[in-house]
Amino acid sequence: NFDIGIWHGSGNWIGVDSVSLGKEEIFPVCSPDFMHNTFPMNKIEDLFKQTILRTVSPVVQDEWQTWLHAAGIQNKEFKNFINCDYLITTLHAASAGLGIALGRSTVVDDDIALGRLVEPFSFRQESIYNYHLVSPHGNSDLAKVQAFKNWLLESLNKDR
């Protein structure tokens, strides 16, 4: 029982009204040391020689296959991977040099700008999931829900 929330997913949930908070891009990221001190990563197929960090979470879906498919690689699975239960854990493991994670633009762009993470490839793919503002059917017109929704959307637009 809630008035309004922020959920991550496709936006197709039963019983709630959903407003997308913007698109995200997904792409591999790793620490600068990992990129410079491991096997060469000249082409996307070189990922299959690396340790892949995956997020296995009920909140954030693993989209490695989506990114690989968009990059032209189909029906190929990673042999060496570490599963993490939260995206933040996955990204900390990448920053620590444990492997390559799939970054989400809304989460890792600051880490890239600060040099904590790098993109070994220049290919980004739009995610099939993103953040949504949700409210149960019937609550969307409540004044307090509208006030929060307007404040949040205005705040997000100021940051872009």
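Residues numbered from 1 in each chain as written. Predicted model: local features only at pLDDT ≥ 70, side-chain atom pairs only at ≥ 80, totals over all residues. Heavy atoms only, no water.

**Some thoughts on the sheet that holds strand S3 (residues 25–29)**
An order of S5-S4-S6-S3-S7 is seen for the five strands of this open sheet, with the pairing classed as mixed. Across the chains shown, the open sheet's two edge strands, defined by having one partner strand only, are strand S5 (81–84) and strand S7 (125–126). Relative to S7, S3 is paired through two bridges, and the arrangement is antiparallel. Note on S7: the bridge partner recorded for Glu 25 is Glu 126. Against the sheet, helix H3 (residues 87–95) engages S3, strand S4 (52–55), S5 and strand S6 (100–104), with an angle of about 165 degrees to S4. Packing against the sheet, helix H4 (residues 105–113) makes contact with S3 and S6, and its axis sits at approximately 45 degrees to S3. (Pairing = 2+ DSSP bridges. Helix = DSSP H or I, 4+ residues; strand = E, 2+ residues; numbered from the N terminus. Contact = heavy atoms within 4.5 Å. Axes fitted to C-alpha atoms, helices over the stretch in contact; angles between N-to-C directions.)

**A few points about the sheet that holds strand S2 (residues 16–20)**
Taken together, the three strands give an open sheet; going across it, the order is S1-S8-S2, and neighbouring strands pair in antiparallel fashion. The open sheet is flanked by strand S1 (5–9) and S2, the only strands paired with a single partner. Strand-to-strand, the axes of this sheet are offset by a mean angle of 40 degrees, without reference to chain direction. Bridge count between S2 and strand S8 (residues 130–136): five bridges; the pairing is antiparallel. Bridge pairing in S8 places Ser 20 opposite His 132.

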